[in-house]
Amino acid sequence: MNSRLKDRFRDYIDREDLIHEGDILIVAVSGGADSICLFHLLSDISSERSLSLITVHVHHGIRGEEADRDALFVRDLDIERTAHVEKRVDAPSYAEANHLSEEEAARLLRYKALEDVREQYGASGIVLAHHGDDQAETILLNLIRGTGVTGLAGMRPKSGDRIRPLLFATRKEILEYLRENNIDFVEDSTNNNLKYTRNKIRHELIPLAESIYPGAAERISALASDIFDITDFIRETAENELEKTISDTDAYPLFFTVECDPDGLIENNLRSGGYHTGSTIQVHAYLGQPPVIRQEWLRIAVEKTLPGRRDISRSHYQAMDAMIMSEQSSGHIDLPGGYFAEKRYDEFVIGTSRMDETPVNAEKISFYAELTDNNFIFNEKKHDFFVEKGCTKFFDYGKIENGLVIRHPEEGDYIEINQKRNRKLLSRFFIDSKVPAALRPHVPVLADGKHVLFVYPDRMSEWFKVTEDTGRVLVLRWETKA
């Protein structure tokens, strides 16, 4: 058996601190040359390091009989392993539903399946067969698509629970190892299909580079280890600063469930809106950072909100940075896959919006109304209508002209800003109050025709405020629950 590759494999694992004594490892095995080589190398060292190897094959539902053949080949491998798991996913359907390429959909589903098995077995990590040529392809792909310094670092030997112990080897060395040791593998016909971008790089761009400078792929791959140190320093610096200014926007208050009073004082026609999830960066803090830290902040926010997405390109990051740095108070950018980036005065949000769904953690509000006599409240309950009452508002019921309704804002709505009955359009009020544009259509209001008495959660019309001349008082209370 070829010991040179095996020795280098062992040395690389120890140098990068990838695998430890007694580890339980999930090994992704497609049946192709790379994963078969990886599994044989791991098997060779498993007894000396007391490793438990669990092979996982993911059938992507793409290649019909050929994919069935691959699954059977991996299932019947005559080699010692603790367990074997076969997962079937539907990459074409997932791609269509999530606006992804089949290639990207298969990658996301594959990693999800591997992670599920890792959790099932309590494994130390997921071992992947990426090698040096894959590293060069990844760097070139990132470079062509548009990347910052982070994209030039390519794949790391270990990132989270993903382990890549073959990054030191070339594809040529792997094939030589299999040939010299008479080890069979299967060929995936899609690896030669030039409709996939990575295959174009593999079969056209890299051979061209090699024809100009032999060993070009190895040099490109070697660049990654140099970039690692730079990106680690940038990420650490960025994270230290970002802790002070980034926050999760797990549930924007866009979705409300309303229970109105049983006496019919208020009609309820409030309809469900939606909700946002994502990450928020404070604009004033962002403006004070150097460009390299600003870019890293955006990458961190994207990673938190869009895990696993690779179609956020350099142009997207540049557009987001330009929007934050501009003097405009608001702005919106559509990102791939139904995500968005928005500037909302001093907040910059990267997130996703889902309409007409009720999330588990959505904010739900119940409104209650009570009609009572002014003198009773003043004399018996000792209320002071000139002091804010938190989740309670008081209105002069005698000034209501058309009947009350709780609804979302409509065109032409206005609020009266003083007792002289001077008006301000609700749309202008939202702008002056710096209410984010995405939230404005979904804020609950209490309205008498187009006259808005109350804007959730704290603004009410001056005209409807209670005075000592008020006869009957409408008491509006609300409770908020997650």
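Throughout this document, residue positions are counted from 1 along each chain, in the order its sequence is written. Reporting in this predicted model follows two pLDDT cut-offs: at least 70 for local features of residues, and 80 or more for side-chain atom pairs to be given and counted; totals over whole chains, interfaces and linings ignore these cut-offs and use all residues. The side-chain values count all of the structure's non-hydrogen atoms but skip hydrogen atoms and water molecules.

1. Remarks on the nonpolar core
Counting residues in hydrophobic clusters, the biggest one holds 33 residues, and the most contacted among them are F9, I19, L25, L38, L42, L166 and L178. Helix and strand labels come from DSSP, where a helix needs a run of H or I of at least four residues and a strand needs a run of E of at least two; each type is numbered from the N terminus. Of all the secondary structure elements, the ones that give two or more residues to this core are α1 (3-16), β1 (24-28), α2 (33-49) and α8 (171-180). Considering each element in turn, this core owes the most residues, eight residues, to α2. In what follows, residue pairs with any heavy atoms lying within 4.5 Å of each other are defined as contacts. Ignoring any residue separated from it by four or fewer positions in sequence, one finds L25 in contact with I19, L42, L51, S52, L53, I54, A123, S124, G125, V127 and I163. Nonpolar cores are built from buried Ala, Val, Leu, Ile, Met, Phe, Trp, Tyr and Cys residues. Side-chain atoms within 4.5 Å join them into one set. Residue burial is assigned from relative accessible area. The probe radius is 1.4 Å, only protein chains are included, and a residue is buried under 20% of its type maximum, exposed over 50%, and partly exposed in between. Counting 29 residues, the second-largest nonpolar core is a separate cluster that includes I365, L404, V435 and F464.

2. A word on helix α10 (residues 216-242)
Every α-helical turn comprises 3.6 residues, leaving residues that sit three or four positions apart pointing alike. In this scheme, a helix's expected span is set at 1.5 Å multiplied by one less than its residue total. End to end, α10 covers 38 Å across 27 residues, agreeing with the expected 39 Å (1.5 Å per residue, within 8%). Among all positions in α10, only A216, A217, S221, A224, I227, F228, T231, I234, R235, A238 and L242 are buried.

3. Regarding the sheet that holds strand β5 (residues 158-159)
What the six strands build is an open sheet, ordered β3-β2-β1-β4-β6-β5; its pairing is mixed. The sheet is open, and its two borders are formed by β3 (83-88) and β5, each paired with just one other strand. Between any two strands, pairing holds if DSSP finds at least two bridges. The sheet contact formed by strand β2 (residues 52-59) and β3 spans six bridges and is parallel. Its bridge partner lying in β3, V56 is registered against V85. Strand contacts of helix α3 (residues 65-75): β2 and β3, with the helix running at about 170° to β2, the strand carrying the most contacts. For helices, the axis comes from a line fit to the C-alpha atoms of the stretch in contact; other axes are also lines fit to C-alpha atoms, and the angle between any two N-to-C directions lies between 0 and 180 degrees.

4. Remarks on a nonpolar patch on the surface
Only residues above 30% relative accessible area that lack a salt bridge enter a patch, with like-charged residues linked at up to 9 Å and the nonpolar side chains Val, Leu, Ile, Met, Phe, Trp and Tyr linked at up to 5 Å. The protein chains shown are the only cover counted for residues, whose accessible areas, like all others here, come from Shrake-Rupley with a 1.4 Å probe. We count a salt bridge whenever a side-chain nitrogen from Lys or Arg sits within 4 Å of a carboxyl oxygen from Asp or Glu. Taken together, the side chains of I144, L205, L208, I212 and Y213 define a hydrophobic patch exposed on the protein surface, amounting to about 540 Å² of accessible area. Considering each element in turn, the nonpolar patch owes the most residues, three residues, to helix α9 (residues 197-212). Turning to its location among the elements, Y213 is positioned in the loop between α9 and α10. You can call Y213 exposed: its relative accessible area is 58%.

5. Digging into the confidence of the model for the chain
Per-residue confidence from the predictor is reported as pLDDT, a score between 0 and 100. In this model, the chain carries an average pLDDT of 83, and 85% of its residues clear a pLDDT of 70 or more. Within the model, pLDDT remains below 50 along residues 271-275, and this stretch shows 22 contacts once partners closer than five positions in the same chain are excluded. Across residues 378-388, where pLDDT falls below 50, the model places 18 contacts with residues more than four positions away in sequence or in other chains.

6. A look at the pattern of salt bridges
This model, assessed by the stated rule, comprises 35 salt bridges. Residue E462 pairs with K465 through a salt bridge whose shortest N-O separation is 3.1 Å. Judged by its relative accessible area of 30%, K465 is partly exposed. Through salt bridges that share partners, D7, R10, D14, E48 and R49 make up one connected network.

7. Quick notes on the side chain of S313
Note on placement: S313 falls in the loop between α12 (291-305) and α13 (314-325). Each polar contact in these results corresponds to two N or O atoms within 3.5 Å; when the atoms are within protein, one needs to be able to donate a hydrogen and the other to accept it, and residues that are neighboring in sequence are counted only if both atoms are side-chain atoms. A polar contact is formed between the side chain of S313 and the side chain of S315, at a distance of 2.8 Å. Not counting the four nearest positions on each side in its chain, S313 is found in contact with R145 and G146.

8. Quick notes on empty space enclosed by the protein
Detection works on a 1 Å grid of protein atoms alone, calling trapped sets that fit a 1.4 Å probe cavities and calling open sets with protein on both sides within 12 Å along at least five of seven lines pockets, with lining residues defined by an atom within 4 Å of a point. Grid points are joined across faces, edges and corners, and a volume is the space filled by probe spheres set on the points. One pass over the structure, following the stated rule, counts one cavity of 30 Å³ or more. Considering only enclosed or pocket space, the largest cavity measures out at about 30 Å³ in volume. Every residue along the wall of the largest cavity is listed here: F367, I406, P444, V445, L446, F454, Y456 and L476. Classes in brief: Ala, Val, Leu, Ile, Met, Phe, Trp, Tyr, Cys and Pro nonpolar; Asp, Glu, Lys and Arg charged; the others, Gly included, polar. Here the residues of the lining of the largest cavity are counted per class, giving eight nonpolar, no polar and no charged.

9. Brief notes about unusual backbone geometry
Here the residue pair Y456 and P457 is connected by a cis peptide bond, since its omega of 10° sits within 30 degrees of zero. In this fold, P457 is placed in the loop between β19 (451-455) and β20 (459-460). Phi at R421 is positive, roughly 70°, even though this residue is not glycine. Examined against the element boundaries, R421 turns out to sit in the loop between β16 (414-416) and β17 (423-425). R421 sits in the partly exposed class, given a relative accessible area of 33%.

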